[in-house]
Amino acid sequence: KYGIKSPSYRTRFLAYKNYLEDNNFKVETKTLFSESFYNDRIFKNKNNIFKLSYFYLLRIYDLLFRKKPFLAIVHIEILPFIPFLGEKILNLRKIPFIIDIDDAVYFRFAKYNNFFNKLYKKKFLYSVNCSKGLFAGNNFHQTFFSKFKDKVFYLPTVINCNEYDKFLNTKKHSNFTVVWIGTPSTTNYLVKIINVLNDLVYYHNVSIKIIGADKSKIKNLKCETLEWNQKTELIELSKCHVGIMPLDNTPWELGKCGYKILQYMSLKLAVVASAVGVNKEIIKNGYNGLFANDDTDWQNAILKLKNDSSLINEFGKNGYDTVKNKFNLDYFKKKYKNIIENIYKSSICNYEKEN
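Residues numbered from 1 in each chain as written. Predicted model: local features only at pLDDT ≥ 70, side-chain atom pairs only at ≥ 80, totals over all residues. Heavy atoms only, no water.

Draft legend 1. Geometry of a nonpolar patch on the surface. Together, Tyr61, Leu64 and Phe65 give the surface a local cluster of nonpolar side chains, amounting to about 350 Å² of exposed area. Here Tyr61 is to be found in helix H3 (residues 49-65). Given the relative accessible area of 54%, Tyr61 is considered exposed. (Patch = residues over 30% accessible without salt bridge, like charges linked within 9 Å, V, L, I, M, F, W, Y side chains within 5 Å. Areas by Shrake-Rupley, 256 points an atom, 1.4 Å probe, with all protein chains shown as cover. Salt bridge = Lys/Arg side-chain N within 4 Å of Asp/Glu carboxyl O. Helix = DSSP H or I, 4+ residues; strand = E, 2+ residues; numbered from the N terminus. Buried < 20%, exposed > 50% of the residue type's maximum accessible area, 1.4 Å probe, protein only.)

Written out as structure tokens, the structure is:
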């Protein structure tokens with residue numbers, strides 16, 4: 001859907017692109033929306049119906065007339081909010097496709113409209129049924145699509161540890177600093193602990209750094225705010241002591257893949273997070289991080305780390321080892337390639353023989 005500013009695009013597509021190309025694949029990434037549309041939609045909450053229609057028409061045209069053969073890897077859905085159409089076109093043209101899911105978008109309407117909720121679930125069940133495979137970002141997605149278990153492959157969001165290792169020796173801020181990184185759309189989770197964070201600033205001499213948030217939603221938070229920047233992201237994170245990831249506890253959050261936590265751990269930051277979804281799979285409470293479920297938990301956890309530098313070092317080391325051993329790009333890129341290669345051989349090669 002979006003380009004370089006989207007974490008999913010960077011971690012679940014671009015992360016594998018060079019490796020695939022080094023192994024004789026020709027890879028093209030094609031975003032639905034332009035960067036300017038993304039900026040208006042995500043950062044300014046503006047929707048231009050004419051641009052939206054234009055981009056949808058461009059994608060439909062591409063689906064109808066793109067020269068075969070090719071294998072498509074689809075991030076979540078081809079045409080957001082429109083049931084079946086994009087996947088139907090690929091199916092009718094006998095173009096094999098794989099769906100990559102790292103958000104529980106099939107619950108998008110769960111809180112608002114029961115009819116659309118059922119329709120959206122059917123869309124994804126239909127799409128996966130027509131697909132040649134599903135890349136599931138966590139175990140929750142695997143369970144939801146368990147009826148298609150033969151075509152479901154566990155591929156978590158991963159970290160290029162070789163890149164992160166370059167920042168492990170960055171000098172920390174002189175003052176104890178807590179960091180949150182995200183996008184404007186995930187700022188709502190942060191809003192719910194503003195009072196806690198302000199108390200830490202005013203009464204406990206804690207500094208707060210916020211990267212990539214919607215500033216209008218956190219104007220009451222005493223913090224340093226930074227725009228997300230790919231060139232400075234890792235160095236800004238590495239200067240901090242503790243990374244946080246607050247979440248709600250609804251079906252939507254159960255589909256998330258814990259990218260923030262993995263980033264923090266890769267840089268040996270201690271982690272405090274909500275005990276929700278994949279967070280409970282990544283974090284072992286008291287070993288590589290701490291859980292927080294209410295305001296008191298958040299304050300106590302952060303102060304515990306502030307007052308014990310040895311515990312921060314211990315969590316940092318254990319978290320780093322967790323990512324190295326379980327969420328390392330190097331361990332998954334061969335699996336990624338092999339799955340694509342097998343699907344290619346069984347689907348594309350048959351097409352070539354027939355034509």
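Draft legend 2. Broad picture of the pairing of strand S8 (residues 242-245). Residues Val242 and Ile244 point to one face of S8 and Gly243 and Met245 to the other, with burial holding for every one of them. Relative to S8, strand S5 (residues 177-181) is paired through two bridges, and the arrangement is parallel. Across the sheet, the residue bridging to Val178 is Val242, located in S8. Direction of pairing for S8 relative to strand S9 (residues 270-273): parallel, over a ladder of four bridges. If you follow Gly243 over to S9, its bridge partner there is Val271. (Pairing = 2+ DSSP bridges.)

Draft legend 3. Expanded view of the environment of Leu197. You can see Leu197 is positioned in helix H9 (residues 194-204). Taking relative accessible area as the criterion, Leu197 reaches 0% and is therefore assigned buried. Through-space distance from the C-alpha of Leu197 to that of Phe50 is 41 Å; in sequence the pair is 147 residues apart. Apart from the residues lying within four places of it in its own chain, the contact partners of Leu197 are Leu190, Ile208, Leu221, Ile244 and Ile302. (Contact = heavy atoms within 4.5 Å.)

Draft legend 4. Structural view of helix H15 (residues 309-326). For H15, which comprises 18 residues, the first-to-last C-alpha distance of 26 Å matches the rise-based estimate of 26 Å (1.5 Å per residue) to within 8%. Residues of H15 that are buried include every one of Leu311, Ile312, Phe315, Gly316, Asn318, Gly319, Tyr320, Thr322 and Val323, and no others. (Expected span 1.5 Å × (residues − 1).)

Draft legend 5. Main features of the nonpolar core. In this structure, Leu197, Val242, Ile244, Val272, Ile302 and Leu305 are the most contacted members of the largest nonpolar core, which totals 61 residues. Grouped together as the second largest cluster of nonpolar side chains are 35 residues, Phe55, Tyr56, Ile76 and Val152 included. (Core = buried A, V, L, I, M, F, W, Y, C linked by side-chain atoms within 4.5 Å.)

Draft legend 6. How the structure looks around the pairing of strand S1 (residues 72-75). In terms of strand pairing, S1 meets strand S2 (residues 97-101) through four bridges, oriented parallel. In the sheet register, Ile73 faces S2, and the bridge partner there is Ile98. Each parallel crossover has a hand, and for S1 linked through helix H4 (residues 85-92) to S2 it is right-handed. (Right-handed = clockwise from strand over helix to strand, strands pointing away.)

Draft legend 7. Main features of the packing of aromatic side chains. Within this structure, the stated rule accounts for 21 aromatic pairs. With a centroid separation of 3.8 Å and an interplanar angle of 5°, the aromatic rings of Tyr16 and Tyr336 are classed as stacked. Separated by 320 residues along the polypeptide, Tyr16 in helix H1 (residues 7-22) and Tyr336 in helix H16 (residues 329-354) bring together distant segments of the chain. Tyr16 sits in the buried class, given a relative accessible area of 2%. What makes Tyr336 buried here is its relative accessible area of 3%. Centroid distance Phe81 to Tyr120: 6.5 Å. Interplanar angle 35°. Geometry classified as tilted. Note that Phe81 is positioned in the loop between S1 and H4 and Tyr120 in helix H5 (residues 114-130), a separation of 39 residues in sequence. Judged by its relative accessible area of 49%, Phe81 falls in the partly exposed class. Put simply, the rings of Phe81, Tyr106, Phe107, Tyr120, Phe124, Phe140, Phe144 and Phe145 touch in pairs and so form one group of aromatic residues. (Phe/Tyr/Trp six-rings, centres within 6.5 Å; stacked < 30°, edge-to-face > 60°.)

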